[in-house]
Amino acid sequence: MAALADPPRAVLTTSSHERLEQQLANRYHEPPSEAQYLGLSTHTIFDENYAKVEQQTRCLMLSHKQLASIELILENEFKRGLHRDTNSVADIKMYPTHIRDKPQTYKILGHFAEPDEGKFLALDLGGTNFRVILVELLTDNFHMENEVYSLTQKLTTGPGSDLFDYIADCLVKFVSKHNLQGHRLPLGFTFSFPCEQESLSHARLVTWTKGFTCSGVEGENVTELLTAAIKRHTDLDIEVMAVLNDTVGTLVSCAYQNRECRLGLIVGTGTNACYMERVNEVHRMHPGDDEQQENNSHDAHDHLHETTVVNTEWGAFGDNGTLDFMRTKWDFEIDAASADVGKQLFEKMIGGLHIGELSRRVIVDIAINMKLLFHQQPKQTSCLADSEKLFHRRQLLIEGKLNQKYSLQSKYVSLIESDPVDRFENTRLALLESFGIDWASDQDCALVKMICARVTTRAAHLVSAAVACLLNKMARPHTVVGVDGSMFRYHPHFRSIMAKKTKELVRDQFRFQLMFSEDGSGKGAAIVAAVASKQRRISMEMLRNKQLENISSCS
Ligand code: GLC
C-alpha cells in the first residue's frame, strides 16, 4: 500500500527566530518581473488550481488607471485637509508642525539649520517596540546607541499612565546603563500618532491608531504626560525639547544628509507621510502662526517662500468611502474585526500590522472555503495511517492556527516572498511556524507565495500613488524622499516595486530618489532637539548681550 508521500519539510537547525532574521538579512534582492507579480508565470507549477486562485485574487491587482484615479482622489482630500473651511470634515487632517524652513535666519527652526553638537536623547514610540536612543552629534557626523524595549498588549491597551510610567522606567534604565547621570539631556520625542502640534515641544494626541487604545491620553498634551512620568521616576535633568511624528523625524534626518529631501515616508506598522508645503498654502495654520504672519508684514516676501512640514496622516484616506470601489471583501473583514471600525482604511491595506492578516484571510478563503490549498489527496486512501493523516490535516486547517486571527505575521510574508522562483524553503518554514502546516506541496507553496505577492504589491502600488500625488503637488524638478519602516526595510521587493510604479505615476519633468533612512525617525527627533537647544542658547546670548548694552548705555 503506498503511504502518503510527505513533501520535503523545513529543516530547523538554528533557533527559528535567528533563522528568520538571517533569512531576512540575506533576502533575495533581484527584483521580480512584472509577470511574476501578475502571477502568470511565477512558477513552473501552473495548473488548473493555480489558474483558479489567480482568477480569485485578481481583485487585489490595481490597474494603472485605477492608481491614477486614486492619486486624483487623494489630491482632492489633501486640499480639503489643508483648507480651513473644509478641514473639520476632511479625513486627512494635514497637521501643520512647527518645523519651518526659512534659511538665512536662526529664529525659525529651519529643517536645514545646523544643530548644536553634543549628546541628545530620543524616544521612539509608535510601533511594536519602544526605543530609547542616544545620539551624539559631532561636527561632521554622529554616533548612535539605542535600546529596544518591547511593548506588551497590556501596555498599549491599558491606562495611559502605565504606558508613560513604563517609558520613564526604560529611560531611567537607559541613562544608568550608558552612564549619563549628571548630564543635562535635551530630549526629542517621536510620538507617531495624529497630534495637534501646539508648539515644537507640545503636542496633543487627537486619536490613537495602530491598535493602541490607552485610556486618558486622547485629547491630552503628551509632553506633559511624559514629563510628569519622568518626574515620578527620577530627578534626572531631562527636558522635552521637541515632539514629532516619525515621518517628520525621517524627513529631518534625511535632510540632514541630503538637502533635497522634502518628503518623509513611513511604511512600517502603519503608513504615513509628511512633506514641505508653502506656508501660504496651509490655510489651517495654528492661530498663533496666523497672528505672527499678519504682524510680520515686513516678512511678507520671505513668507511666500517659506515652507513648513505638514504631517498628512494619510492612513485615514478612504474613511469617507472614497476607496470603497477598490476595497476587497478581505479589507472589509479586517476593518470589521478591528478596534477602530471605519478608521485608517488606507493604512489597513498597507501597514505591517495588517499585511500578514490580509494574506492569511485570503489563504483561509482559498484553503477552507474553496479547498484549493493544502488539500492534496493521496493516490490511495485505503491505508489506515493515510486516512488518519488526512483527517488530522483537515482538522488542523479548520481548528488550527490558520484559522486564528493575526497568526501570520507580516515578517513571514516577507520571508515567503524571499524564496527564489520554484524554491520553497522559506515558504515551508513560514507555514510551519505560523500555522503548524508541514505538508504543503510545491503547488501549495507557489499559491501561498502568489497570494502574499498580490497583497504586498497592492500595498506598494497604493503607497506609490500617494507618493506620486505629493511629488506632483510639490512640482519640484528633483526631490529626495526619506523612507523608513519595516515593510520597506525587510520586504524583499517592496522598494523596487514602489520605485517603479511611482516613476510611472509622477509627471515626467519631476524626478525623485528614494533614500532609505535607517532609524531615521529617532535620529530626526534628536536632531530637532539639538536645533531647538541651539536656538534657545542663541536667544539667551542675544538677551544677555542686549542687557549688557543697556547697562553700558545707562552708565
Ligand atoms: C499611523 C499614525 C501616524 C504614523 C504612522 C506610521 O498612521 O497615525 O502618525 O506616522 O502610523 O508610524
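Structure first, text after, so check above.
All values derive from a computational prediction rather than experimental measurement.

**Remarks on the pairing of strand 10 (residues 271-278)**
Argument step 1. Burial analysis of strand 10 places 7 of its 8 residues in the buried class, the great majority of the element.
Argument step 2. When strand 9 (residues 261-267) meets strand 10, the two strands line up antiparallel, connected through 5 bridges. Bridging from a neighbouring strand, Val267 pairs with Thr271 of strand 10.
Argument step 3. Here strand 9 folds back onto strand 10 in antiparallel fashion, the turn holding 3 residues.
Argument step 4. Alignment of strand 10 against strand 11 (residues 307-311), held across 5 bridges, turns out to be antiparallel.

**With respect to unusual backbone geometry**
Argument step 1. Of note in this structure, Asp422 is not a glycine but carries a positive phi near 65 degrees.
Argument step 2. Mapping Asp422 onto the fold places it in the loop between helix 15 (410-417) and helix 16 (425-435).
Argument step 3. You will see that Ala475, though not glycine, has its phi angle at about 50 degrees, which is positive.
Argument step 4. Relative to the helices and strands, Ala475 is located in the loop between helix 17 (442-474) and strand 12 (478-484).
Argument step 5. Residue classification places Ala475 among the partly exposed positions, given a relative accessible area of 41%.

**Section: the sheet that holds strand 1 (residues 95-101)**
Argument step 1. In space, the 6 strands of this open sheet follow the order 1-11-10-9-12-13, with mixed pairing throughout. What marks the edges here is a single partner per strand, and that holds for strand 1 and strand 13 (511-516). Each strand of the sheet is rotated relative to its neighbour by a mean of 25 degrees, with strand direction disregarded.
Argument step 2. The pairing of strand 12 with strand 13 spans 6 bridges and is classified as parallel. The partner of Val481 across the bridge, within strand 13, is Leu514.

**Concerning the pattern of salt bridges**
Argument step 1. The final tally for this structure, using the stated rule, is 30 salt bridges.
Argument step 2. Here Lys177 makes a salt bridge to Glu147, at a shortest N to O gap of 2.9 Å. With Lys177 in helix 7 (residues 160-177) and Glu147 in strand 4 (residues 142-150), this pair connects stretches of sequence that are 30 residues apart.
Argument step 3. Overall, the relative accessible area of 19% leaves Glu147 in the buried class.
Argument step 4. Across the pair Arg428 and Asp442 runs a salt bridge whose closest N-O atoms are separated by 2.8 Å. Taken together, the residues Arg428 in helix 16 and Asp442 in helix 17 connect sequence positions 14 residues apart.
Argument step 5. The exposure class assigned to Asp442 is partly exposed, which follows from its relative accessible area of 37%.
Argument step 6. Through salt bridges that share partners, Asp124, Arg131, Asp484, Arg489, Glu518 and Asp519 make up one connected network.

Basis of the calculations
- Residues numbered from 1 in each chain as written.
- Predicted model: local features only at pLDDT ≥ 70, side-chain atom pairs only at ≥ 80, totals over all residues.
- Heavy atoms only, no water.
- Buried < 20%, exposed > 50% of the residue type's maximum accessible area, 1.4 Å probe, protein only.
- Helix = DSSP H or I, 4+ residues; strand = E, 2+ residues; numbered from the N terminus.
- Pairing = 2+ DSSP bridges.
- Axes fitted to C-alpha atoms, helices over the stretch in contact; angles between N-to-C directions.
- Salt bridge = Lys/Arg side-chain N within 4 Å of Asp/Glu carboxyl O.

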